[in-house]
Amino acid sequence: MALLNGLASGAVPSVRLRASRVPRYLSWLHTLSEVAMRRADPEQPAKRPRCDSSPRTPQRTPPAAASASPGSELHIDLQTWEVEDVCSYLKGCGFQDKKVLDSFKENEITGPFLPFLDESRLEKLGVSSLEERKNMIACIQELSQSQVELMKVFNDPIHGHIEFHPLLIRIIDTPQFQRLRYIKQLGGGYYVFPGASHNRFEHSLGVGYLAGYLVRTLAEKQPELKISERDMLCVQIAGLCHDLGHGPFSHMFDGRFIPSARRGETWKHEQGSAKMFEHLVNSNELGPIMKNYGLNPEEDIVFIKEQIEGPTSTPIKDCSWPYKGRPAEKSFLYEIVSNKRNGIDVDKWDYFARDCHHLGIQNNFDYKRYVKFVRVCEVEESCGCKMKHICTREKEVGNLYDMFHTRNCLHRRAYQHKISNLIDIMITEAFCKADPYMEILGAKGKKFSISTAIDDMEAFTKLTDNIFLEILYSTDPNLSEARNILRNIECRNLYKYLGETQPNGQDKITGEEYDQLPRDIVNTKPDVPLYAQLKAEDFIVDVINMDYGMKDKNPIDHVHFYCKNNTKHAVKISKDQEVLGSKGTSHQAVSESAVAVAPDKLSFFAPETIPVPRDILLPSWGQTFFCLFGVGLVNCSENTTDPILTTHTWDFTTNTSLRLQVSEYSGLCL
């Protein structure tokens with residue numbers, strides 16, 4: 001056992017170094033003193049940022065030396081090999097000496113110790129022949145080197161060189177995941193921001209990497225959490241697959257098209273992602289492969305889907321645990337990919353950085369700093385039970401405000417850009433007109449339309465942004481209306497922007513009132529002669545909700561913090577408490593009055609708009625904007641020698657008392 005103790009001093013650093021910036025399997029030329037130095041300073045500087053959190057298990061293909069032996073049936077990850085697995089592998093390599101194998105068993109030489117076996121140690125283990133020792137070292141080196149070479153590295157423009165677990169590579173190399181290459185991250189935003197050409201594919205890679213980065217950091221900081229390799233792998237898979245259910249042009253599909261094409265349907269892309277992941281596993285027969293990497297498909301597929309979609313059932317009591325994939329002791333794992341508690345998750349971290357990079361907007365949130373101070377603390381819930389939640393240092397409240405500020409800026413400047421929304425509306429209208437005539441082949445040869453493809457994942461796999469070009473270049477006369485709309489987008493012949501407004505008072509406009517708004521506009525037109533006959537169908541009112549991710553609530557109210565002198569005690573920071581931010585700036589929490597529901601704001605589109613003044617200050621936690629578009633309006637003022645501009649104020653008869661100023665040119669025709 002003395003030999004085992006000596007090996008342990010080298011093997012422990014190898015496990016610890018899996019999450020550092022050095023290779024998982026050390027070269028045979030590295031001495032144990034070098035290993036000890038690496039353990040003392042695991043954060044050695046690197047030339048380029050790289051994945052310091054991704055699991056570094058070998059890829060799916062068994063090593064060549066093992067493929068012709070009983071070792072081919074072994075689990076591919078050396079870290080999981082027991083003594084019997086090591087002996088089985090050595091037998092397959094031709095080492096049949098019973099004394100040597102018994103010595104390996106007596107000294108309990110497991111998989112993690114193999115990379116540290118040198119000639120002197122093998123001699124002590126009973127391998128007397130020099131030639132036999134060299135052959136054994138060559139087999140072990142070949143095994144380790146094969147595993148290192150089989151790792152896949154991606155050069156990401158946001159996160160640098162990132163490595164992925166081989167099981168993730170198997171998932172990436174499927175038609176269901178590759179489909180994300182053909183879905184724009186920002187949908188119609190690409191027609192406004194030329195740099196926004198990135199797709200859901202690279203965003204999903206980034207979220208998968210960040211999920212592994214965060215969960216491994218927690219595992220290293222707090223071993224008492226008992227985060228297993230199986231847990232970490234499931235969290236990474238959930239991050240990688242969280243957007244599998246997005247349809248053409250991303251949020252336009254489930255946010256605009258599905259509600260228009262299938263009235264009453266509440267389908268969201270999270271539901272599609274969970275269904276598509278299950279379809280991906282089944283159609284590519286990944287269940288046995290997942291099992292080979294130490295997962296339990298029956299439990300872990302449920303866990304992965306719950307991270308993406310949320311709990312499958314509603315708890316009977318407030319404190320009853322709604323999830324099935326993991327027990328309440330690991331509740332914090334559900335806050336990494338999609339945080340339903342406060343919205344702080346790796347999905348946002350990646351799209352903040354990636355979208356800002358492609359849009360040319362500054363990203364003020366530093367996720368790496370946040371991870372430096374992240375910890376899991378036990379928090380007492382309002383019902384009296386205790387749950388474990390991800391917390392951060394109290395001084396990081398400023399960094400979190402920067403995060404939600406960045407989110408708000410992205411929505412105001414890019415995601416809810418009026419022309420981007422207008423193009424999404426036009427694409428939606430074209431898809432609705434084309435929907436009855438489009439055929440997408442699904443399972444068992446059944447045919448689906450654009451809107452019904454969400455019911456069959458085989459058909460949905462074939463539905464990407466390419467449907468736009470398929471309609472645009474079609475010769476089917478049934479698609480002429482849809483084709484003309486898409487042609488107008490290509491030629492920049494867009495609907496006219498009328499303006500935007502915001503209702504007075506504190507009354508909210510409900511979803512049931514949205515369809516009535518165009519009719520209200522026509523019914524409340526000024527009592528003066530108009531040059532054009534206006535109808536409700538000539539207008540589109542676009543309702544835009546602007547908030548910080550939790551509607552009218554302050555998300556910081558749902559974040560727990562810990563202090564330097566007590567890292568186990570979680571506290572909340574009240575609204576009226578002034579905290580010194582991470583960058584030395586003072587962040588005064590918002591008062592109760594500011595958190596109250598803000599008046600809804602309506603943005604309208606029409607010819608020759610008089611712009612509504614924009615507030616310089618950020619809106620409070622919740623606002624709604626209404627945009628009005630004029631459909632089919634063209635300016636015929638070139639037929640007149642001197643267009644006369646007249647301005648009218650239209651007062652809406654709804655309970656929100658909306659007021660909108662619209663300029664009308666003489667010669668305006670429909």
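Identification of the chain as Deoxynucleoside triphosphate triphosphohydrolase SAMHD1 from Cricetulus griseus is taken from an unreviewed UniProt entry. Annotation of the chain in UniProt includes, under Sequence similarities (unreviewed entry), the sentence "Belongs to the SAMHD1 family." According to the UniProt record, the Subcellular location (unreviewed entry) comment for the chain reads "Chromosome".

(A) Focus on the pattern of salt bridges. The full count for this structure, using the stated rule, is 24 salt bridges. Of the charged contacts in the structure, one is a salt bridge between D156 and R354, with a shortest N-O distance of 3.1 Å. Remark: R354 occurs in helix α16 (residues 346–359) and D156 occurs in strand β1 (residues 152–156); sequence separation between them is 198 residues. Taking the relative accessible area as the measure of exposure, D156 reaches 6% and is therefore buried.

(B) Representation of the pairing of strand β10 (residues 566–571) within the structure. Pairing analysis gives 3 bridges linking strand β9 (residues 561–563) to β10, with the strands arranged antiparallel. What sits directly across from Y562, in β10, is A570. Linking two consecutive strands that pair antiparallel, namely β9 and β10, is a turn of 2 residues.

(C) How the structure looks around helix α11 (residues 229–241). Between its first and last C-alpha atoms α11 spans 18 Å; for 13 residues at 1.5 Å apiece the expected length is 18 Å, and the two agree. Among the 13 residues of α11, 11 are classified as buried, and the element is accordingly described as predominantly covered. Every buried residue belonging to α11 is among D231, M232, L233, C234, V235, Q236, I237, A238, G239, L240 and C241, and all of these are buried. Against the buried residues of α11 lie β2 (160–164), α8 (166–172), α9 (175–178), α10 (200–221), α13 (269–283) and α15 (297–309).

What counts, and at which threshold
- Residues numbered from 1 in each chain as written.
- Predicted model: local features only at pLDDT ≥ 70, side-chain atom pairs only at ≥ 80, totals over all residues.
- Heavy atoms only, no water.
- UniProt positions renumbered as here; feature names shortened; annotations may be inferred.
- Salt bridge = Lys/Arg side-chain N within 4 Å of Asp/Glu carboxyl O.
- Helix = DSSP H or I, 4+ residues; strand = E, 2+ residues; numbered from the N terminus.
- Buried < 20%, exposed > 50% of the residue type's maximum accessible area, 1.4 Å probe, protein only.
- Pairing = 2+ DSSP bridges.
- Expected span 1.5 Å × (residues − 1).
- Contact = heavy atoms within 4.5 Å.

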